[in-house]
Amino acid sequence: MKTNDLISILTQAAPPRRPMRLGLAAAIITLLSAVATIIVLGLRPGLAAGHPPASFWMKTLLLGWMAVVSLAALDRASKPLATKRRIWPMAALAIFAAICVAIEWATVDARTILGGFLLPNFPCCLISVTIYGSAGMAGFVGLIRRYAPADPERCAGLAGLAAAAAAAVGYSIHCPLDSPTFIVVAYGLPMIALWALGRWLLPRKLNW
Amino acid sequence: MRARGGDAHAYKQLLTGFAPVIRRMVAARVGRWGGQHYVEDITQDTLLAIHLKLHTYDADMPLLAWVNAVARHKLIDHLRRIKGATVSLDEEGMPELVDGANPEAPGIALDLRKLLGMLKPPAGEIIYALRVEGASVRELAAAHGLSESNIKVIVHRGLQKLSQLARAG
């Protein structure tokens with residue numbers, strides 16, 4: 001086919017439908033994760049009574065911040081023209097989390113903090129966030145195939161990270177533990193795992 | 001951007017304007033290892049990708065840089081597929097589309113206007129006249145009531161600023 005013929009065909013063809021926005025996809029992942037959590041595990045006690053403690057909102061802030069930052073990075077990575085990476089939102093989140101953890105270790109007994117990891121909530125957090133996040137990551141990858149990532153490996157990793165963070169926000173309505181140390185470890189590990197898994201397994205799926 | 005808004009005429013102008021630019025860039029690259037017969041395939045692949053992925057273009061970015069990125073991706077993808085001779089794919093080796101491109105092509109003219117408009121007047125006007133229209137430094141000095149060395153300084157600083165703007169995306 002001659003190039004001019006191709007141009008004529010493309011000009012006459014209906015413009016391709018714009019894929020769903022990644023932000024909307026993330027909101028759906030969070031919603032589905034929350035619905036699955038309510039059905040399978042139930043709401044945490046304070047939330048069920050309609051009076052969640054302030055620490056719950058701090059946890060939601062941390063996880064939501066992570067979801068937004070990773071989603072913004074994913075959005076930039078899903079385009080063919082690489083743009084300048086913004087380190088400061090992630091750095092600010094890391095500093096905020098580090099301050100929360102430091103305050104906790106300065107004010108709360110170490111045995112109380114570490115005791116949270118002996119409760120069944122710890123494996124429950126790891127497993128739930130990983131499962132919900134994996135489903136979300138599959139959804140993200142299916143969607144990003146319609147985008148055009150400059151670096152598929154980086155994009156696949158960020159898809160895993162953003163999906164895990166979005167799923168963690170939904171799951172957090174069940175977990176009654178609001179310790180910053182617990183949040184960083186129990187929610188951070190599945191995020192790192194899915195980021196690594198995405199980078200390792202999925203770049204080929206994102207070729208365009 | 002009218003082409004993205006469904007204006008078929010603008011869209012055709014855009015694709016027709018970019019086709020020779022992409023072809024030239026691809027030819028310069030694959031010509032090094034005797035792959036001229038792939039030029040048209042890669043050009044068409046790139047045009048198809050532009051059509052399918054146009055929604056990933058941000059209007060506040062230079063269109064030419066976006067097209068360049070798509071073309072580069074398609075070129076590398078093609079080279080990888082055919083497993084051709086070992087070719088260095090480092091960015092230094094990639095010719096810039098602006099070089100030798102037709103500045104009147106719609107997308108390029110749009111980017112040029114956008115970028116030159118960001119410079120402090122009359123730098124944009126002087127650079128356009130000097131580099132695109134082919135005016136001489138002496139003519140520009142007379143037209144703007146400045147010395148020739150002033151014109152050269154304005155052009156030098158303007159190009160530096162343009163380079164920074166283009167790198168910043």
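The following refers to the structure shown.

Parameters and conventions
- Residues numbered from 1 in each chain as written.
- Chains lettered and ligands numbered in written order.
- Predicted model: local features only at pLDDT ≥ 70, side-chain atom pairs only at ≥ 80, totals over all residues.
- Heavy atoms only, no water.
- Helix = DSSP H or I, 4+ residues; strand = E, 2+ residues; numbered from the N terminus.
- Contact = heavy atoms within 4.5 Å.
- Areas by Shrake-Rupley, 256 points an atom, 1.4 Å probe, with all protein chains shown as cover.
- Buried area = accessible area lost by both parts, 1.4 Å probe.
- Salt bridge = Lys/Arg side-chain N within 4 Å of Asp/Glu carboxyl O.
- Polar contact = N/O pair within 3.5 Å; in protein donor to acceptor, adjacent residues only side chain to side chain.
- Nonpolar A, V, L, I, M, F, W, Y, C, P; charged D, E, K, R; others polar.
- Axes fitted to C-alpha atoms, helices over the stretch in contact; angles between N-to-C directions.
- Parallel < 35°, antiparallel > 145°, perpendicular 65-115°, else oblique.
- Left-handed = near helix turned anticlockwise from the far one by under 90°.
- Patch = residues over 30% accessible without salt bridge, like charges linked within 9 Å, V, L, I, M, F, W, Y side chains within 5 Å.
- Buried < 20%, exposed > 50% of the residue type's maximum accessible area, 1.4 Å probe, protein only.

Here the focus is the overall build of chain B. Assigned secondary structure in chain B consists of seven helices and zero strands. Listing each helix as α and each strand as β along chain B from the N terminus yields α-α-α-α-α-α-α. Counting only contacts in chain B whose residues sit at least 6 apart along the sequence, the fraction spanning at least 24 positions is 65%. Here chain B displays about 9,000 Å² of accessible surface, and carbon together with sulfur accounts for 53% of that area.

Facing the 24 residues of chain A at the interface are 27 residues of chain B. Here chain A meets chain B over a buried area of about 2,300 Å², counting both sides, of which 68% is carbon and sulfur. Considering only the side of chain A, the residues that lose the most area to chain B are Leu10, Leu81 and Trp208 of chain A, jointly responsible for 30% of the buried surface there. For the interface between chain A and chain B, the tally reads one salt bridge. A salt bridge links Lys79 of chain A to Asp58 of chain B, with the nearest nitrogen and oxygen atoms 3.4 Å apart. Viewed at the interface, chain B and chain A are joined by eight residue pairs in polar contact (both at pLDDT 80 or more). The residue inventory of the side of chain A that touches chain B, partitioned by class, reads 14 nonpolar, five polar and five charged.

All names here are of chain A. Where helix α4 (residues 54-77) contacts helix α9 (residues 180-201), the axes come no closer than 11 Å and their chain directions differ by 30 degrees. When the interaxial angle is binned, α4 and α9 end up roughly parallel. Here α4 runs over α9; the crossing is right-handed. On α9, the residues touching Met58, Lys59, Leu62, Leu63 and Met66 of α4 are Pro180, Ile183, Tyr187 and Met191. Grouping the constituent residues of the contact of α4 with α9 by class yields eight nonpolar, no polar and one charged.

This part takes up a nonpolar patch on the surface. A cluster of nonpolar side chains, Leu31, Val35, Ile39, Val40 and Leu41 of chain A, forms an exposed patch at the surface whose accessible area comes to about 480 Å². Topologically, Leu41 of chain A is positioned in the loop between α2 (22-40) and α3 (45-48).

Here we take up the pattern of salt bridges. Counting across every chain of the model gives seven salt bridges over all chains. A salt bridge links Lys59 of chain A to Asp178 of chain A; the shortest N-O distance between them is 3.3 Å. Taken together, the residues Lys59 of chain A in helix α4 and Asp178 of chain A in the loop between α8 (152-171) and α9 connect sequence positions 119 residues apart. Overall, the relative accessible area of 0% leaves Lys59 of chain A in the buried class. Arg138 of chain B is the salt-bridge partner of Glu148 of chain B, the closest N and O atoms lying 3.5 Å from each other. Of this pair, Glu148 of chain B sits in helix α7 (residues 148-168) while Arg138 of chain B sits in helix α6 (residues 137-144), and the two are 10 residues apart along the sequence. A relative accessible area of 33% places Glu148 of chain B in the partly exposed class. For Arg138 of chain B, a relative accessible area of 63% puts it in the exposed group. Through salt bridges with shared partners, a single ionic network connects Arg44, Lys59 and Asp178 of chain A.

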